[in-house]
Structures are given as C-alpha cells and as structure tokens.
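Overview (structure and organization)
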Amino acid sequence: MVGLVGFRGLIHAASVEVTVSSDVSASPCVAQAAIRTEVLIIGAGPCGLFQVFELGLLGIGAHIVDSLARPGGQCTELYPEKPIYDIPALPVCGAQELVERLLEQIKPFKAQMHLGQEVTAFAAREDGRFDVQTVTGTRFDAGAVVLAAGVGSFQPRRIGLEGAEAFEGSAIHYRVKDSASLHGQQLVVFGGGDSALDWTLELAPKARSLTLVHRRHEFRAAPASVARMRDLVSAGRMRCFEALPESLIVADGELRGVNIKLLDGTSPAVHALEAQKLLVFFGLHPKLGPIAEWGLELERKALKVDTEKFQTSLPGVFAVGDINTYPGKKKLILSGFHEAALAAFAIQHHLYPQKKQFLQYTTTSPIMHQRLGVPD
Ligand code: FAD
C-alpha cells in the first residue's frame, strides 16, 4: 500500500460487494468489510450528485459519502430558499429545488448514499485501487475516487460572544433553514457579504424590526443589494450600524438583545439593540479537513487538476466542483457540471483502458435509454 494516510492500524478485511448498509449507526470500533465500488464520490453537493449521473450514463456505478446528514452541499446548508438564476435552461430554480431535481435525475442509477459521515482516511494501493474510510468505520475499496468536497467540511464563523453557544439554533442562527419562523420577529443581522444582505432584503419587510450590523461602512455584497438596503434605511424600514457585537443581553434564560460597539465615533460607544433572533453571516471556515493531508497537490487550499480529465496529482483520483483549481477556474455550479461530464469519460478510461469511447446522445442512444429506464 502506498500513500497511507490516516488509517492508523486498520485491519485489512476482504473486500465484498455490498448493496445495503446502515452507515450512520456504524460503530467506529467494528472493523467492517470494505464496500467494493467502481467509483467512490466524496461529497454529495450539486457536483457530486451530477457526477453520479454522468458516470451512470456510461454504465459506471458509484457510492457517495457526505459528512452532512442530507445531500445538497452548500445549496441545502447555506441557501436552500434562495433562487439561482444561472442554471442552464432553468431561468430560476430554488437551491433546494435544484438538489431535489438532481436527486430525481440520478434515481435510475441507484447510487448508495452514506450520509452523516466524514471521510477521514485514504490510501492508494499498489494494485491501483483505493482504500477509503469514514469516521464511523465504513470502508470502501474503490477503483477510482472523485473528490467533490466543495469547501471541505465547512463551519460557519461564530459570533464569539460569551454564552452564545447556548442559543445556537434557537435564538442565534448561522444559516436560515426556515425563514417563515423569523417573520414578525425582532431581528439583528450581522455581516456585510451577500448572505447578510440577501437575508436582510428578504426579511426586512416581514420582520417586526430588522437591524443590520457590519464592522465597516463598505460592504462585500453585490452593490445593487447594498443600494436596496440603504433605500430601506432611508425609508425608515430598517436600521444599519457600523459596529461590532459586544455582548448578549439575556434575561430569564432568554435572549433579549445584543450590545454592539459603535465604530463611527458616536458616543456612548456601546448601544443596546432589542432582538429575539440574531442572524450571523460572518462567512465560512474554508477547512479542507483531512483531504488536505492526503498528499494531493494543492494550490491555495484547492486541488490542482488538469482540464482534460479533472484528475488530481494522483492518477485515479479526480476532483470536481468548488474543491478543484485550474487556470480560469470559476466556482460555479455549471462549471462543476461540465467538469463532472469530462471526469466521467476519464474515469471510464482509467477503469477500462481497453474500452473504445463513443460520444452518445441521450436523445438517441438505446443503451443510455436502458440505463435511464426510458421506455422504448
Ligand atoms: P458543495 O456544495 O460545497 O458540497 C460539498 C460537499 O462535500 C458538502 O456537502 C460537504 O459536507 C462534503 N464534504 C466535504 N469534505 C468531506 C469529507 N471529508 N467527507 C465527507 N463529505 C465531505 N453557484 C452558482 O453557480 N450560482 C449561484 O447563484 C450561486 N449562489 C450561491 C449563493 C451562496 C449564498 C453560496 C454560499 C454559494 C452560491 N453558489 C452559486 C456557489 C455554489 O453553491 C457552489 O459552487 C456549489 O455548491 C459547489 O458544489 P460542490 O458540489 O462542488 O460543493
């Protein structure tokens, strides 16, 4: 075995074909037989899901693993209710809707998902296959690996105020899962990026009160959003402060507000804001996690790939979506879809080098119709 990273004393059990497994309950102490698969996809974001589809069209099976409890990556975790406008042929599509459409599209290929488990160990074997293991002990013996791990196991930057952890998920939110629950509430939004501004604009008309707090006068968000926010402030529909969070205001175990430290020279410098909910959008830790330690060539925390195969520095290991980098890379969903299509052909060649490759159209290919379950 070469390139052994993170396996620490793993016992090598015989590989067996497995179709069903209960992943989340798996104990890290039990040595399980490895699941043998043509391809293992790490990451069930939009690009990982579409990778299943592109492989499936070529008749290649895959298992897919994600550390989150649900598929969908950033779309599901960070902006499920936001409309996306740049998915080809879908003038507007909600982020969660996109994930659901992808799940529907990959149904015919029956890829097994292993959710709620982070991949922590990876090793290239001398026979060209790969041993991969998750934190819960699920093991894979894969012919090729696709890293579709986005920004890695991402974590929102916390507000960092004393006692804040106790209110996480109830009165302090780092993402909005159910915007309706915020209607009619006193809200304070922290941040100056697109998430902070988008939610400000979305919620200002529906909240009882909304205050935006940002540490600088300039915002990182789209200028049009900033202009709309300033219009709302001028119209008295919301307030905006240049300030930092200072401390929570808590009474009888409930969040009643937040003290902010004004940075615009106003005296007194600390100002109390009444609030039932704080929405904090300080961005994500771009934490590649264990993937950064697998010896693959990195550039600015992304995996270097070529633009023909989307293969990393290790043959047989491919990377698609936000996790990869190459000249001209743009972190867009449609770029990841293109990468997945080309990676699928490269994976087919990697697994079956003798096989002649033909470009077939889904409109006319009988074998693709069969794989998709399209009736004749
Ligand atoms: P991700 O969506 O990040 O998914 C990666 C998955 O890998 C995650 O689920 C993660 O849990 C998992 N993972 C990571 N490490 C491991 C591990 N070790 N083990 C197991 N699982 C792991 N793009 C557009 O094209 N159009 C838009 O309009 C648009 N709007 C956006 C709005 C916002 C607010 C944000 C934050 C992003 C937006 N994007 C948009 C960007 C788009 O969401 C990303 O480009 C896209 O999600 C990348 O998909 P992915 O599959 O590569 O990675």
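Scoring rules and cut-offs
- Residues numbered from 1 in each chain as written.
- Predicted model: local features only at pLDDT ≥ 70, side-chain atom pairs only at ≥ 80, totals over all residues.
- Heavy atoms only, no water.
- Pairing = 2+ DSSP bridges.
- Helix = DSSP H or I, 4+ residues; strand = E, 2+ residues; numbered from the N terminus.
- Contact = heavy atoms within 4.5 Å.
- Axes fitted to C-alpha atoms, helices over the stretch in contact; angles between N-to-C directions.
- Domains from an automatic or database assignment.
- Buried area = accessible area lost by both parts, 1.4 Å probe.
- Salt bridge = Lys/Arg side-chain N within 4 Å of Asp/Glu carboxyl O.
- Nonpolar A, V, L, I, M, F, W, Y, C, P; charged D, E, K, R; others polar.
- Core = buried A, V, L, I, M, F, W, Y, C linked by side-chain atoms within 4.5 Å.
- Buried < 20%, exposed > 50% of the residue type's maximum accessible area, 1.4 Å probe, protein only.
- Phe/Tyr/Trp six-rings, centres within 6.5 Å; stacked < 30°, edge-to-face > 60°.

1. Brief notes about the sheet that holds strand β12 (residues 172–173)
An order of β12-β18-β13-β14-β15-β16-β17 is seen for the seven strands of this open sheet, with the pairing classed as mixed. Two strands bound the open sheet, and with one partner strand each, they are β12 and β17 (270–274). Two strands pair when backbone bridges link them, and strand β14 (residues 209–214) and strand β15 (residues 239–251) are joined in this way by four bridges, in the parallel orientation. Bridge pairing in β15 places H214 opposite E242. Sheet contacts for helix α4 (residues 194–203): β13 (186–190), β14 and β18 (277–280); angle to β14, the most-contacted strand, approximately 165°.

2. With respect to the domain arrangement of the protein
When the parts come together, some accessible area is lost, and that loss is often what is quoted as the size of the interface. Taken domain by domain, the protein comprises domain 1 (35–154 + 285–372) and domain 2 (159–282). With five residues of domain 1 in contact, the opposing surface of domain 2 contributes seven residues. Carbon and sulfur atoms supply 41% of the area buried between domain 1 and domain 2, which totals about 610 Å² over both sides. Counting the surface domain 1 buries against domain 2, the share from its top three residues, E77, E81 and K82, is 70%. Between the two partners, domain 1 and domain 2, sit two salt bridges. Residue D198 is joined to K82 by a salt bridge in which the shortest nitrogen-to-oxygen separation is 3.6 Å. In the side of domain 1 that touches domain 2, the residues fall into one nonpolar, no polar and four charged.

3. Comments concerning the nonpolar core
With 65 residues, the main nonpolar core has V39, I41, V132, V145, L147 and I347 as its most contacted residues. The element contributing the most residues to this core is helix α6 (residues 333–351), with eight residues. For I41, the residues in contact, after removing those within four places along its chain, are G48, Q51, V52, L55, A62, H63, I64, V65, V146 and A148.

4. A look at the packing of aromatic side chains
Applying the stated criterion across every chain, the model contains seven aromatic pairs. Judged by centre distance (5.5 Å) and plane angle (25°), the rings of F50 and F53 are stacked. One end of the pair, F50, and the other, F53, are both in helix α1 (residues 46–57), three residues apart, so they sit about a helical turn from each other. As far as burial versus exposure is concerned, F50 and F53 are alike and both buried.

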